[in-house]
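# Fold and contact review
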Amino acid sequence: MILTNKLNIFCLVLTVTSSALSACNTTDNGNSLTKWEWKDTTKNEQIAKPRFIWIDAAANFPRYADSKDNIQEDLEKAKNAGFTNIVVDIRPSMGDVLYKTSYTDQITKLDYWDDNGSYKFYTRKATWDYLQAFIDIGHKLGLKVDAAFNTFVGGDLYPYGLGEQGIVFREKDKRSWISTLNKKRGLTNELDLTSTDPSNEDYCGTKFLNPCNDNVQIYVLNLISDLCKYNIDGIFLDRCRFDNLEADFSNETKEKFLDYIGKKNISFPNDIMAPGTSSLPIIQPIYFQDWLSFRAKVIYDFIGKVVNRVHSINSKIKIGVYVGAWYSNYYEVGVNWASTSYDTHSSYPIWANEDYHKYGYANKLDFMLVGAYANADKIYGNTEWTMEGFCKQAKKLLCGNVKFAGGPDVSNSLGFENESDSSAVTKSIDACINASDGYFIFDMIYIRKYNYWNALKKGFDKYLNSIKQ
């Protein structure tokens, strides 16, 4: 995830489709791990659901990069409001990091929008360990500290001519790591998309790494290994996916797909998708649904590698992911975040074949953060694009195999523009925490900007009082 000062340049801009959800199968073919349990600090020690606040790296960089006092101040407010967890973004979309590792560079500057509407870099002066500061301060306050890790990203070509950052821009031999898109013009490496105008159809700001590339997977796993050396409570993978429906059509991915379907050759890419296909085709080529299952398997297998790597280093660190709640469109990015027990084919036969459910990765995880990103006037309901509905549907999709926290984005969703709209924040807690296993909100910068602390405390107090009764 990334903030864009209300420019809504989401990496997932998805259209809404309607589909009935079927019941989960009774069999569980996954590898469920220990669930993420929490106890409230109230005297009766009732089990309380966790409450997560996300801290975007770039948006909050000017406030936190050089000031432990500012970190202390805001984490105290988060604790007092009722949060149990902070989720600290330590590998933003440009791909470098805010923790110690030998595999890539430390971040010294990030892009942000100032209060005057200017888009610029903030350059860090401090040299103390950014992640460690959050760990020290957060743990002292009694907060759990989780790290948010953008997964298959290698660099940012910033909009409006600001510049570029990331390993794929520094090291030219990494070009083969970058996703190849099936554009109308032909197969195109994302590095060849050089527009810095977000309104241009060829704009591609974040350069995605190819999840099918073995060297990419090794690199990312090494970064995660070094992250595990910290005393963190959990890791949430963000952007653990393909860039979009047009990705990835490299030769390496082609060969792995041919192995998957047991063919020596096909008409590539036309037997999968016609060039320029960016949404569900009305007439599907012969291998389209096999391609969707293949991509889901790639991510499913990689999640398994992450879980094994992390737990081999530190079995106490919990593994989770962030996903958007709009499951009906998530096939576009090669992800099946449901349980293996959920019969996707029955609910979505237009794009899911009978193998698709095999690659639901929820069973492998300890916890999930689900972005229930509806507008402020769409809080209660039973369908996608209401906050409560997103959470209710996620519960059906996950089949009880993993716990999850759902909640709103007050940074980009409409209706969260000023303090007078704080009632929507309070209601979002009631809608989401009661329909899921926790509460999650994005992002710290707008909670601070719109002073939503009291609105959050009001909602959390109502919830905590309800479980005492």
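Residues numbered from 1 in each chain as written. Predicted model: local features only at pLDDT ≥ 70, side-chain atom pairs only at ≥ 80, totals over all residues. Heavy atoms only, no water.

### Points about the pattern of salt bridges
Charged atoms that come close allow side chains of opposite charge to pair. In this structure the tally under the stated criterion is 22 salt bridges. The partner of Asp 202 in a salt bridge is Lys 183, with the nearest N and O atoms 4.0 Å apart. Residue Asp 202 is located in the loop between strand 9 (186-189) and strand 10 (206-208), and its partner Lys 183 is located in strand 8 (residues 180-183); the two are separated by 19 residues in the primary sequence. Each member of the pair, Asp 202 together with Lys 183, is buried. In this structure, Lys 358 engages Asp 355 in a salt bridge whose closest nitrogen and oxygen atoms are separated by 3.0 Å. Three or more residues joined by partner-sharing salt bridges are found here, namely Arg 63, Glu 73, Asp 74, Lys 77 and Arg 448. (Salt bridge = Lys/Arg side-chain N within 4 Å of Asp/Glu carboxyl O. Helix = DSSP H or I, 4+ residues; strand = E, 2+ residues; numbered from the N terminus. Buried < 20%, exposed > 50% of the residue type's maximum accessible area, 1.4 Å probe, protein only.)

### Re the environment of Tyr 122
Inspection of the secondary structure puts Tyr 122 in strand 4 (residues 119-123). On the basis of relative accessibility, which here comes to 16%, the residue Tyr 122 falls in the buried class. As a C-alpha pair, Tyr 122 and Ala 59 span 63 residues in sequence and 9.9 Å in three-dimensional space. Among the polar contacts listed, one links the side chain of Tyr 122 to the side chain of Asp 66, at a separation of 2.6 Å. (Polar contact = N/O pair within 3.5 Å; in protein donor to acceptor, adjacent residues only side chain to side chain.)

### Comments concerning the state of the cysteines
Tallied over the full model, the rule gives 0 disulfides. Take Cys 391: it sits in no disulfide, and the sulfur closest to it among the cysteines is that of Cys 432, at 3.9 Å. The exposure class assigned to Cys 391 is buried, which follows from its relative accessible area of 1%. (Disulfide = S-S within 2.5 Å.)

### Some points on the packing of helix 2 (residues 68-81) against helix 3 (residues 130-140)
A packed helix pair is summarised by two numbers, namely the angle formed by the two axes and the spacing between the axes. Where helix 2 contacts helix 3, the axes come no closer than 10 Å and their chain directions differ by 40 degrees. As far as their axial angle goes, helix 3 and helix 2 are oblique. Here the hand of the crossing between helix 2 and helix 3 comes out right-handed. Two secondary-structure elements touch here, helix 2 through Lys 68, Ile 71, Gln 72 and Leu 75 and helix 3 through Ala 133, Phe 134, Ile 137 and Gly 138. Residue composition of the contact of helix 2 with helix 3, grouped by class: 5 nonpolar, 2 polar and 1 charged. (Axes fitted to C-alpha atoms, helices over the stretch in contact; angles between N-to-C directions. Parallel < 35°, antiparallel > 145°, perpendicular 65-115°, else oblique. Left-handed = near helix turned anticlockwise from the far one by under 90°. Contact = heavy atoms within 4.5 Å. Nonpolar A, V, L, I, M, F, W, Y, C, P; charged D, E, K, R; others polar.)

### A closer look at the nonpolar core
Core analysis: the biggest nonpolar cluster contains 156 residues, and Trp 337, Met 368 and Leu 456 have the highest contact counts within it. Ranked by residue count, the leading element in this core is helix 7 (residues 288-313), at 13 residues. Sequence-distant contacts of Trp 337, defined by excluding residues within four places in its chain, comprise Val 323, Gly 324, Ala 325, Tyr 327, Tyr 330, Tyr 361, Ala 362, Met 368, Ala 394, Leu 397 and Leu 398. (Core = buried A, V, L, I, M, F, W, Y, C linked by side-chain atoms within 4.5 Å.)

### Here's the deal with the sheet that holds strand 7 (residues 164-165)
Strand order in the open sheet made by the 3 strands is 7-6-10, with antiparallel pairing throughout. A strand with exactly one partner marks an edge of an open sheet, and here the two such strands are strand 7 and strand 10. Relative to strand 7, strand 6 (residues 153-157) runs antiparallel, the two being bridged by 2 bridges. For Leu 157, the partnering residue across the bridge sits in strand 7 and is Glu 164. (Pairing = 2+ DSSP bridges.)

### Quick look at the confidence of the model for the chain
Chain-level pLDDT for the chain is 92 on average; 90% of the residues reach the 70-or-more range. Note that pLDDT drops below 50 for residues 26-36; the model gives that stretch 33 contacts with residues more than four away or on any other chain. Across residues 38-45, confidence stays below pLDDT 50; counting only partners more than four residues off in sequence or on other chains, it has 16 contacts. (pLDDT = per-residue confidence, 0-100.)

### Some details on the side chain of Thr 101
The residue Thr 101 is located in the loop between strand 2 (85-91) and strand 3 (109-113) in this model. For Thr 101, a relative accessible area of 17% translates into the label buried. Within the structure, Thr 101 has its side chain in polar contact with the side chain of Asp 226 (distance 2.6 Å). Ignoring any residue separated from it by four or fewer positions in sequence, one finds Thr 101 in contact with Gln 106, Leu 223 and Asp 226.

### Observations regarding the packing of aromatic side chains
Counted according to the given criterion, the structure contains 46 aromatic pairs. Connected via pairs of aromatic rings, a cluster forms that spans Trp 54, Tyr 322, Trp 326, Tyr 330, Tyr 373, Trp 385, Phe 390, Phe 440 and Phe 442. The ring of Trp 177 carries the charged tip of Lys 174 above its face, separated from the ring centre by 5.0 Å. Just above the ring of Tyr 300 sits the side chain of Lys 364; from NZ or CZ to the centre is 4.4 Å. (Phe/Tyr/Trp six-rings, centres within 6.5 Å; stacked < 30°, edge-to-face > 60°. Lys NZ or Arg CZ within 6 Å of the ring centre and 35° of its normal.)

### Here we look at the side chain of Asp 202
According to the relative accessible area criterion, Asp 202 is buried, its value standing at 18%. Residue contacts for Asp 202: discarding those within four places in its chain leaves Lys 183, Arg 185, Leu 193 and Ser 195.

### What about the environment of Ile 55?
Its place among the elements puts Ile 55 in strand 1 (residues 51-55). Residue classification places Ile 55 among the buried positions, given a relative accessible area of 0%. Between the C-alpha atom of Ile 55 and that of Asp 443, which follows or precedes it by 388 residues, the distance is 5.8 Å. Excluding residues that lie within four positions of it along the chain, Ile 55 makes contacts with Asn 60, Tyr 64, Leu 75, Ile 86, Val 87, Val 88, Asp 89, Phe 134, Asp 443 and Met 444.

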